[in-house]
Amino acid sequence: MQMRSDELFIGGTWAKPGSAQRIAVVSPHTERQVAEVAAATPADVDAAVSAARAAFDHGPWPRLDPGERIAVLRRLAALYGQRRAEMAELITTEIGAPISFAQRAQVGLPAMMMGAFCDLAESYPWQEVRPGMYGADVRIRREPVGVVAAVVPWNMPQFLIVTKLIPALLAGCTVVVKPAPESPLDALLLAELLAEAGLPDGVVSVLPGDGTVGEYLVRHPGVDKVSFTGSTAAGRAVAAACAADLKRVSLELGGKSAAIVLGDADPQAVAAAVRSASLSNSGQICNALTRILVPANRSDEFTGALAAEMAALVVGDPADPATHVGPLVSQRQQQRVRGYIDAGQAEGARLVLGGTALPDGVDTGWYVRPTLFAHATNAMRIAREEIFGPVLTVIPYTDEDEAVAIANDSDYGLAGSVFTADTDRGVAVAARIRTGTFGVNQGYTMDPFAPFGGVKGSGYGRELGREGIDGYTELKSISVATNPGKGA
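About the cut-offs
Residues numbered from 1 in each chain as written. Predicted model: local features only at pLDDT ≥ 70, side-chain atom pairs only at ≥ 80, totals over all residues. Heavy atoms only, no water. Pairing = 2+ DSSP bridges. Helix = DSSP H or I, 4+ residues; strand = E, 2+ residues; numbered from the N terminus. Buried < 20%, exposed > 50% of the residue type's maximum accessible area, 1.4 Å probe, protein only. Arc of directions from axis to C-beta. Contact = heavy atoms within 4.5 Å. Expected span 1.5 Å × (residues − 1). 1 Å grid on protein atoms, 1.4 Å probe; cavity = no way out; pocket = protein on both sides within 12 Å on 5 of 7 lines; lining within 4 Å. Points joined across faces, edges and corners; volume = space filled by probe spheres on them. Nonpolar A, V, L, I, M, F, W, Y, C, P; charged D, E, K, R; others polar. UniProt positions renumbered as here; feature names shortened; annotations may be inferred. Domains from an automatic or database assignment. Buried area = accessible area lost by both parts, 1.4 Å probe. Salt bridge = Lys/Arg side-chain N within 4 Å of Asp/Glu carboxyl O. Lys, Arg positive; Asp, Glu negative; His and termini not counted. Polar contact = N/O pair within 3.5 Å; in protein donor to acceptor, adjacent residues only side chain to side chain. Right-handed = clockwise from strand over helix to strand, strands pointing away.

We now examine the sheet that holds strand S19 (residues 439-440). In a beta sheet, neighbouring strands pair by backbone hydrogen bonds and run either parallel or antiparallel. Taking strand neighbours across the sheet as the criterion, the seven strands line up as S14-S15-S16-S13-S12-S18-S19 in an open arrangement whose pairing is mixed. A single partner strand is all that each edge strand has here, and the edge strands are strand S14 (350-353) and S19. Relative to strand S16 (residues 391-397), strand S13 (residues 289-295) runs parallel, the two being bridged by five bridges. Across the sheet, residue Pro-295 finds its bridge partner in S16, namely Tyr-397.

Of the residues making up helix H13 (residues 400-408), those classed as buried are Ala-403, Val-404, Ile-406 and Ala-407. For H13, the angular spread of buried residues about the axis comes to 160 degrees, placing them on one side. Where H13 is buried, its residues meet strand S12 (257-261), S13, S16 and helix H14 (423-432).

With that settled, consider helix H10 (residues 299-311). Think of an α-helix as 3.6 residues a turn; residues three or four steps apart then line up on the same face. Over its 13 residues, H10 extends 18 Å from the first C-alpha to the last, a length consistent with the 18 Å expected when each residue adds 1.5 Å. Tucked into the core, H10 has its buried residues touching S12, helix H9 (267-279), S13, S14, strand S15 (371-374) and S16.

Tallied over the entire structure, the rule returns four cavities of 30 Å³ or more. Estimated volume of the largest cavity: approximately 90 Å³. Lining the largest cavity are 17 residues; nearest its centre among them are Arg-291, Ala-407, Tyr-412, Ala-415 and Thr-435. Residues that form the lining of the largest cavity fall into these classes: seven nonpolar, six polar and four charged.

So, on to the UniProt feature "domain: Aldehyde dehydrogenase" (unreviewed entry) in the protein. Following the UniProt record, one finds the feature "domain: Aldehyde dehydrogenase" (unreviewed entry) at residues 14-478. For the annotated span residues 14-478, helix accounts for 41% and strand for 20% of the residues, and the straight-line distance between the end C-alpha atoms is 41 Å.

When the UniProt feature table is mapped onto this chain, "active site" (unreviewed entry) is found at Glu-252. Note on placement: Glu-252 falls in strand S11 (residues 248-252). Among the residues examined, Glu-252 registers a relative accessible area of 5% and is labelled buried. Sequence-distant contacts of Glu-252, defined by excluding residues within four places in its chain, comprise Leu-160, Phe-228, Thr-229, Gly-230, Cys-286, Leu-414, Phe-452, Ser-458 and Glu-463.

Each assigned domain of the protein is listed with its residue range as follows: domain 1 (8-253 + 454-476) and domain 2 (258-440). Taking the mean C-alpha position of each, domain 1 and domain 2 sit 30 Å from one another. Of the residues lining the interface, 29 residues belong to domain 1; the matching set on domain 2 comes to 32 residues. Each partner contributes to the roughly 2,400 Å² buried at the junction of domain 1 and domain 2, and carbon and sulfur atoms together form 57% of this total. For the domain 1 face of the interface with domain 2, the top three residues by lost area are His-29, Trp-154 and Lys-456, together amounting to 26%. At the junction of domain 1 with domain 2, the criterion picks out one salt bridge.

Next up on the list: the side chain of Lys-256. Checked against the element boundaries, Lys-256 lands in the loop between S11 and S12. Although Lys-256 is buried, it makes no salt bridge; Glu-386 carries the closest opposite charge, 8.0 Å away. At a separation of 2.9 Å, a polar atom in the side chain of Lys-256 contacts the main-chain carbonyl oxygen of Ile-382. Among the polar contacts made by the side chain of Lys-256, one reaches the main-chain carbonyl oxygen of Glu-385 at a distance of 2.9 Å. With residues up to four places along the chain from it excluded, the contact list for Lys-256 reads Thr-290, Arg-291, Ile-382, Ala-383, Arg-384, Glu-385, Glu-386, Ile-387, Ser-410 and Tyr-412.

A few words now on the pairing of S11. Across the five residues of S11, four count as buried, placing the element largely inside the fold. Here strand S10 (residues 225-229) runs beside S11; their pairing, made up of five bridges, is parallel. Bridged to Ser-227 within S11 is Ser-250. Each parallel crossover has a hand, and the one from S10 via helix H8 (residues 232-244) to S11 is right-handed.

Below, the structure written as structure tokens:
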């Protein structure tokens, strides 16, 4: 099956776009164009929303028994499994994710999520009956919220599409997906699989486009709910646009997550866990542990273990299975991350490892060496702002209360972790941290049965778990008289 790069997937069919505009896909490794795809326009958004509106208001999808929708999506999951290798290669090509990470997380996780959501939907309480107070039964229905706009960024494109699209479809919604211009190739392959799975007309559209197209989609009067993943700044604009029309919205935004390392933790185990949780995908992960809080009296020991772990990372060609760290997605992102590295040094943090020079043996590509700062404070920009690159900051603390205070002293509240030999103590620390998700003796793991999301500047709403389906439903209560022959 050949990708339809000259067409858009609108309402379940491939159609010519509204203009000749194209999106150039550039390899972050070679800095050369590797593909070109059609770019959506506002007119294409109108067509996609119109198709979704008609499918929701008059089509069969929202009116099917949930089991019938589950069957279609299990068929999609099977088709997805057959194309996993191809999907991983596309993601490596377009965003520079190391192929081993692309296979395991960029594609492996979405494949697992599809099955998990279908399992959850089979036991989901679509309808329930409660006894009322006034001689009536109260029937509770969970009905689809309507037409959904799913706007996703480039860093984990398939994972973020799937965690929005699949629960929305299971709930009976119709969906317009807007992938980022940096990562349209995987989204178009998914569109092919959706067409093959046999969804009714109008149920799903996939519209690659820039921020202008995304804004137009978010503001579209035919959309009932927006599910957005991206920066906190962009999330504020999305929230404001949705508020104007009282439109439902969920936001999964930025993070500046802390790893609290207690004094009884093992340095090597901590270093290995932080490396995996913080530097996968070249650090371009919203829930990465980027502030490493360590006891002041063991700061050098923990910093040394982390430096050794980071120094062993292989940086280079993302298509090589031996590579751990690939390039950043764009030259703009590379320059942004280098700016933070300069700022960290200017503010007085000690550069332990890395810096702004290209890695050894790398002549082209938007690479940044894994970089470690120590002797930092939580007031520094590298400790307060989301860098979105392979940069970690070690911050010393004197006691547990100070560690908790530092972890909570952030505009964000997405994720975090605590490392300790005492699990009960770790769980107690977790309860004191104001985040939506947290790990004990691990970086936060995306469990398909656990709700994921943040507080404060990290957004609101939850994805994954049963709550991931909840976000695409509206509750309706129907009061039914138990003795219909008698008046009130």
